[in-house]
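# Descriptive structure summary
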Amino acid sequence: MKLLIFGSQTIGGACLNALLNTMPAPDILGVVAAADDPPRPGADTANRSLEALARSRQLPLIPPDAAERPEFIDTARSLAPERIFLFDYPGHLAEPVLALPPQGTINLYTTLLPAYRGHAPHIRAVQHGETVTGVTLHLLAPGAGSNSLLAQQTVPILWGDTGGDVHRKQADAAAELLRRTLPSLLAGQLAPAPLPTTSAPPFGPLRPEERAIDWNRAGVTLYHLIRAVTHPYSGAYAGFRGRRCTIWRSNVRPAPMNGPLPPPGTIIKLVPFQVVTGAGLLLPRRLQFDGEPERESDAFIARHQIAIGERFTVWPA
């Protein structure tokens, strides 16, 4: 079967690997791999990059910027794919390209559609304290309202999972979903079903100000934010002593029952490190001033001579 593949990084690499190991002799006409992000601490260093896998298998690579150009329609038409696969591809395909393959365009979306549509659904799910997410395989056709559900697979979100952890779990789930469904799909036995609809708008990209820690919010809300955007992402940040301080890891606990607490953001204990929030206490575990290395909380406290009664603020003020 002649295939045209679009995808990104970890999810795309895992899916392409599953496809190559499941489909009988696929003919890959081209792979459009979204550019890999620069390596960051905590990134998945396993060889799952779609671009790296395509190169190692000597598959034809098409630059992602080329696929965004109007003339790509002619390129895709000349390739004559029988089916197109999109594996967490961040770009948009023109409707004439979607309409090309006689056996349809299959999209792997990294959420349980229709929930958390939009940008980085795994980060949004962790940020909102969800306990489950997943991946969805659906048929993508030109025109609004033309999506049809093929299959889904759930992914649990544990209390300590970060956004990066969930993304790696989704890569494994996406590969498993393809291995499970491709034989039926190729045999024409996987019947599409109507995809549920929602009136909720899709999420946009996470803005820098959304990563700012507002100490008036509940401690558990801040905990979810911190673990959602920690490595390999940019982290959640606060102000302290007029400097920006990123909190990479934390925990949370209820506020003590005895007496009133000082204002949110106030440090009330050093061992363990405890900061008042709008509801409960946040326990920063790993912190970093801009321009300095990351430090565990005890090392951070000792290095900067932190005192009870000092306050974290919102950054920028």
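Scroll up a little and you will see the structure.
### So, the overall build of the protein chain
Assigned secondary structure in the protein chain consists of nine helices and 15 strands. Taken over the C-alpha atoms alone, the protein chain extends approximately 70 × 35 × 35 Å along its principal axes. Looking at the protein chain as a whole, 47% of its 317 residues qualify as buried. For the protein chain, the accessible surface area stands at approximately 14,700 Å², while carbon and sulfur atoms represent 55% of it. Treating the 29 positive side-chain charges of the protein chain as one cloud and the 26 negative ones as another, the clouds have centres 6 Å apart.

### Points about the packing of helix H1 (residues 9-22) against helix H7 (residues 163-186)
Working note: a packed helix pair is described by the angle between its axes plus the distance between those axes. For the pair H1 and H7, interaxial distance at closest approach is 8 Å and the crossing angle is 25 degrees. Judged by the angle between their axes, H1 and H7 are roughly parallel. Of the two elements, H1 crosses H7, and the hand of that crossing is right-handed. Residues Thr10, Ile11, Ala14, Cys15, Ala18, Leu19 and Thr22 of H1 form the contact with H7, whose participating residues are His167, Gln170, Ala171, Ala174, Ala175, Leu178, Arg179, Leu182 and Pro183.

### Remarks on the nonpolar core
Among the nonpolar cores identified, the biggest contains 35 residues, and Ile5, Leu19, Ile28, Val31, Phe85, Phe87 and Leu108 are the most heavily contacted of them. With eight residues, the single largest contributor to this core is H7. Ala120, Ile123, Leu225 and Phe273 belong to the second-largest nonpolar core, a separate cluster that totals 29 residues.

### Notes on the sheet that holds strand S5 (residues 105-109)
An order of S3-S2-S1-S4-S5-S6-S7-S8 is seen for the eight strands of this open sheet, with the pairing classed as mixed. At either margin of the open sheet sits one strand with a lone partner, and together these are strand S3 (61-62) and strand S8 (193-194). In this structure, strand S7 (residues 148-156) lies alongside S8, joined through two bridges in antiparallel fashion. For Leu149, the partnering residue across the bridge sits in S8 and is Ala193. Contacting strand S1 (2-8), strand S2 (27-34) and S3, helix H4 (residues 72-79) runs over the sheet at an angle of about 140 degrees to S1.

### Some details on the environment of Ala120
One can find Ala120 in the loop between S5 and helix H6 (121-127). A sequence separation of 99 residues divides Ala120 from Asn21, and the C-alpha atoms of the two residues are 27 Å apart.

### A word on helix H8 (residues 219-229)
Three- or four-residue spacings in an α-helix give side chains the same orientation, since the helix completes a turn every 3.6 residues. Burial analysis of H8 places nine of its eleven residues in the buried class, which makes it a mostly covered element. The inward-facing, buried residues of H8 contact H6, H7, strand S9 (236-240), strand S10 (243-253) and strand S13 (281-289).

### Observations concerning the packing of aromatic side chains
Counted according to the given criterion, the structure contains ten aromatic pairs. Between the aromatic rings of Phe6 and Tyr89, the centroid separation amounts to 5.3 Å while the plane-to-plane angle is 65 degrees, which identifies the pairing as edge-to-face. One end of the pair, Phe6, is in strand S1; the other, Tyr89, is in the loop between strand S4 (83-87) and helix H5 (95-98), and 83 residues separate them in sequence. As far as burial versus exposure is concerned, Phe6 and Tyr89 are alike and both buried. Ring plane angle 10 degrees and centroid distance 5.6 Å describe the contact between Tyr116 and Phe203, whose orientation is recorded as stacked. In this pair, Tyr116 is assigned in the loop between S5 and H6 and Phe203 in the loop between S8 and H8, connecting sequence segments 87 residues apart. Overall, the relative accessible area of 16% leaves Tyr116 in the buried class. One Lys or Arg, Arg227, reaches over the ring of Trp159 and ends 5.9 Å from the middle of that ring.

### Observations concerning H7
Taking 1.5 Å per residue as the helical rise, H7 with its 24 residues ought to reach 34 Å, and the 33 Å between its terminal C-alpha atoms agrees with that figure. Helix geometry: H7 is bent most strongly at Arg180, by close to 35 degrees, with proline Pro183 lying one to four residues after it. Following H7 by one or two positions, Gly188 adopts a phi angle in the positive range, close to 75 degrees.

### Focus on the pattern of salt bridges
According to the stated counting rule, one finds 16 salt bridges in the structure shown. The residue Arg69 makes a salt bridge to Asp65 at a minimum N-O spacing of 3.3 Å. The closest approach of N and O atoms between Asp165 and Arg168, which form a salt bridge, is 2.7 Å. Remark: Arg168 and Asp165 occur in helix H7; sequence separation between them is three residues, near one turn of the helix. Overall, the relative accessible area of 24% leaves Arg168 in the partly exposed class. Through salt bridges with shared partners, a single ionic network connects Arg124, Arg207, Glu209 and Glu210.

Calculation notes
- Residues numbered from 1 in each chain as written.
- Predicted model: local features only at pLDDT ≥ 70, side-chain atom pairs only at ≥ 80, totals over all residues.
- Heavy atoms only, no water.
- Helix = DSSP H or I, 4+ residues; strand = E, 2+ residues; numbered from the N terminus.
- Buried < 20%, exposed > 50% of the residue type's maximum accessible area, 1.4 Å probe, protein only.
- Areas by Shrake-Rupley, 256 points an atom, 1.4 Å probe, with all protein chains shown as cover.
- Lys, Arg positive; Asp, Glu negative; His and termini not counted.
- Charge placed at Lys NZ, Arg CZ, Asp CG, Glu CD.
- Axes fitted to C-alpha atoms, helices over the stretch in contact; angles between N-to-C directions.
- Parallel < 35°, antiparallel > 145°, perpendicular 65-115°, else oblique.
- Left-handed = near helix turned anticlockwise from the far one by under 90°.
- Contact = heavy atoms within 4.5 Å.
- Core = buried A, V, L, I, M, F, W, Y, C linked by side-chain atoms within 4.5 Å.
- Pairing = 2+ DSSP bridges.
- Phe/Tyr/Trp six-rings, centres within 6.5 Å; stacked < 30°, edge-to-face > 60°.
- Lys NZ or Arg CZ within 6 Å of the ring centre and 35° of its normal.
- Expected span 1.5 Å × (residues − 1).
- Bend = angle between axes of the 7 residues up to and from the residue.
- Salt bridge = Lys/Arg side-chain N within 4 Å of Asp/Glu carboxyl O.

Just distances and angles here, no functional claims.
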